[in-house]
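A structural walkthrough
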Amino acid sequence: ITVKLLAPVSDYNSAVKQIEAGANEIYLGGDTEVFNSFSFSGRGKFNPKNEKICVDKYVLKDIVQYAHANNASVMYTANLPFLADDNSGGTDFSRYFMDYIQQGIEAGVDSIVVADIGAILFLRKEGIKTHLTASTFLEAVNKEQILFYKEIGVDRAVLSYQVTLEEIEQMASYNIMEIEVFGHYGCSFY
């Protein structure tokens with residue numbers, strides 16, 4: 001079992017600080033013009049202090065370069081439940097979502113964190129080969145879910161907060177895919 005420290009970042013300076021503090025992996029969301037205050041990251045664009053928490057594609061690229069130069073990985077959050085296109089022809093959310101994903105891939109992110117089965121299937125159908133992480137939003141709690149995620153192209157599963165240490169150990173022992181566990185209840189999901 002390998003233990004890695006994964007930390008959230010919201011800008012270049014926080015990425016540097018987290019990596020200097022020992023983070024092996026960082027995660028963040030990118031910014032787009034699609035929504036006013038919401039983002040494809042699933043976290044919104046601003047924190048309660050009205051500080052921007054999603055980075056533009058240029059800062060994202062700088063963060064990825066810094067992380068890789070310091071042996072850290074970057075996970076790019078695409079934690080938005082999959083949005084169907086507007087049937088009236090008004091909004092093409094699939095295109096916007098793919099643009100967002102491509103922004104991360106072009107910056108060199110190591111993994112895309114996805115919160116919706118439809119989004120996973122869509123990305124694989126579109127030929128995205130980048131490492132995919134099944135977000136905590138997908139609530140993996142047993143071997144069958146992990147096997148299903150593997151079948152649809154997921155490389156890592158984030159387990160539900162409700163699983164016990166014994167269940168974590170058991171699911172990791174199956175060696176189906178990478179397993180991630182939050183060490184705290186800090187996710188915006190709860």
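Below is a summary of the structure that appears in this document. In this text, all values refer to a predicted model and were calculated from it rather than measured experimentally.

1. With respect to the overall build of the chain
Looking only at helices and strands, one finds six helices and eight strands in the chain. Reading the secondary structure of the chain in the N-to-C direction produces β-α-β-β-α-β-α-β-α-β-α-β-α-β. Per-residue burial over the chain gives 44% buried out of 190 residues. Excluding contacts between residues fewer than 6 apart, the proportion of contacts in the chain whose partners are at least 24 apart in sequence is 54%. Total accessible area on the chain stands at roughly 10100 Å², and carbon and sulfur atoms take up 50% of it.

2. Structural notes on the packing of helix 2 (residues 57-69) against helix 3 (residues 93-107)
When two helices pack together, their arrangement is given by the angle between the helix axes and the distance between those axes. Axis separation between helix 2 and helix 3 bottoms out at 8 Å; the angle between their running directions is 35°. Our pair here, helix 2 against helix 3, has a crossing hand that is right-handed. For the pair formed by helix 2 and helix 3, the contact residues are Lys57, Leu60, Lys61 and Val64 on the first element and Gln103, Gly104, Glu106 and Ala107 on the second.

3. Re the nonpolar core
Counting 46 residues, the largest nonpolar core has Ile26, Leu60, Ile101, Ile112, Leu123 and Tyr149 as the members making the most contacts within it. Those residues in contact with isoleucine 112, other than ones at most four positions away along the chain, are Tyr76, Ala78, Ile101, Ile105, Ile128, Thr130, His131, Leu132 and Thr133. Met75, Val158, Tyr161 and Phe182 belong to the second largest nonpolar core, which has six residues in total.

4. Describing the pairing of strand 5 (residues 111-114)
Residues Ser111 and Val113 point to one face of strand 5 and Ile112 and Val114 to the other, with burial holding for every one of them. Sheet analysis places strand 4 (residues 73-78) next to strand 5, joined by four bridges and oriented parallel. Following the sheet pairing, tyrosine 76 is matched in strand 5 by isoleucine 112. Here strand 5 pairs with strand 6 (residues 131-134) via four bridges, running parallel. In the sheet register, valine 113 faces strand 6, and the bridge partner there is threonine 133. Chirality of the crossover, the property in question, places the unit of strand 5, helix 4 (residues 117-125) and strand 6 among those that are right-handed.

5. A word on helix 2
An α-helical turn contains 3.6 residues, so any two residues separated by three or four positions project in the same direction. Taking 1.5 Å of rise per residue, 13 residues should cover 18 Å, and helix 2 covers 18 Å from first to last C-alpha, within 8% of that figure. Of all the residues in helix 2, the buried ones are Leu60, Ile63, Val64, Tyr66 and Ala67. Summarising the axial view, the buried residues of helix 2 lie within an arc of 165°, below the 170-degree limit, and thus occupy one face. Counted as exposed and oriented over 90 degrees from the buried face of helix 2: Tyr58 and Ala69. Check the buried side of helix 2 and you find it contacts helix 1 (12-20), strand 2 (25-30), strand 3 (54-55), strand 4 and helix 3. The N-cap residue of helix 2 is aspartate 56: its side-chain oxygen and the backbone nitrogen of tyrosine 58 are 2.9 Å apart.

6. Quick word on the environment of glycine 108
Inspection of the secondary structure assignment puts glycine 108 in the loop between helix 3 and strand 5. Linking glycine 108 and lysine 61, residues 47 residues apart in sequence, is a C-alpha distance of 7.1 Å.

7. As for the pattern of salt bridges
Scanning the entire structure with this criterion turns up six salt bridges. Aspartate 155 is the partner of arginine 124 in a salt bridge, and the nearest nitrogen-oxygen pair spans 3.2 Å. With arginine 124 in helix 4 and aspartate 155 in the loop between helix 5 (143-151) and strand 7 (156-158), the pair connects residues that are 31 residues apart, well separated along the chain. By relative accessible area, arginine 124 is classed as partly exposed at 22%. One network of salt bridges, in which partners are shared, links Lys4, Glu25, Arg156, Glu178 and Glu180.

Reading the values: the criteria
Residues numbered from 1 in each chain as written. Predicted model: local features only at pLDDT ≥ 70, side-chain atom pairs only at ≥ 80, totals over all residues. Heavy atoms only, no water. Helix = DSSP H or I, 4+ residues; strand = E, 2+ residues; numbered from the N terminus. Buried < 20%, exposed > 50% of the residue type's maximum accessible area, 1.4 Å probe, protein only. Contact = heavy atoms within 4.5 Å. Areas by Shrake-Rupley, 256 points an atom, 1.4 Å probe, with all protein chains shown as cover. Axes fitted to C-alpha atoms, helices over the stretch in contact; angles between N-to-C directions. Left-handed = near helix turned anticlockwise from the far one by under 90°. Core = buried A, V, L, I, M, F, W, Y, C linked by side-chain atoms within 4.5 Å. Pairing = 2+ DSSP bridges. Right-handed = clockwise from strand over helix to strand, strands pointing away. Expected span 1.5 Å × (residues − 1). Arc of directions from axis to C-beta. Polar contact = N/O pair within 3.5 Å; in protein donor to acceptor, adjacent residues only side chain to side chain. Salt bridge = Lys/Arg side-chain N within 4 Å of Asp/Glu carboxyl O.

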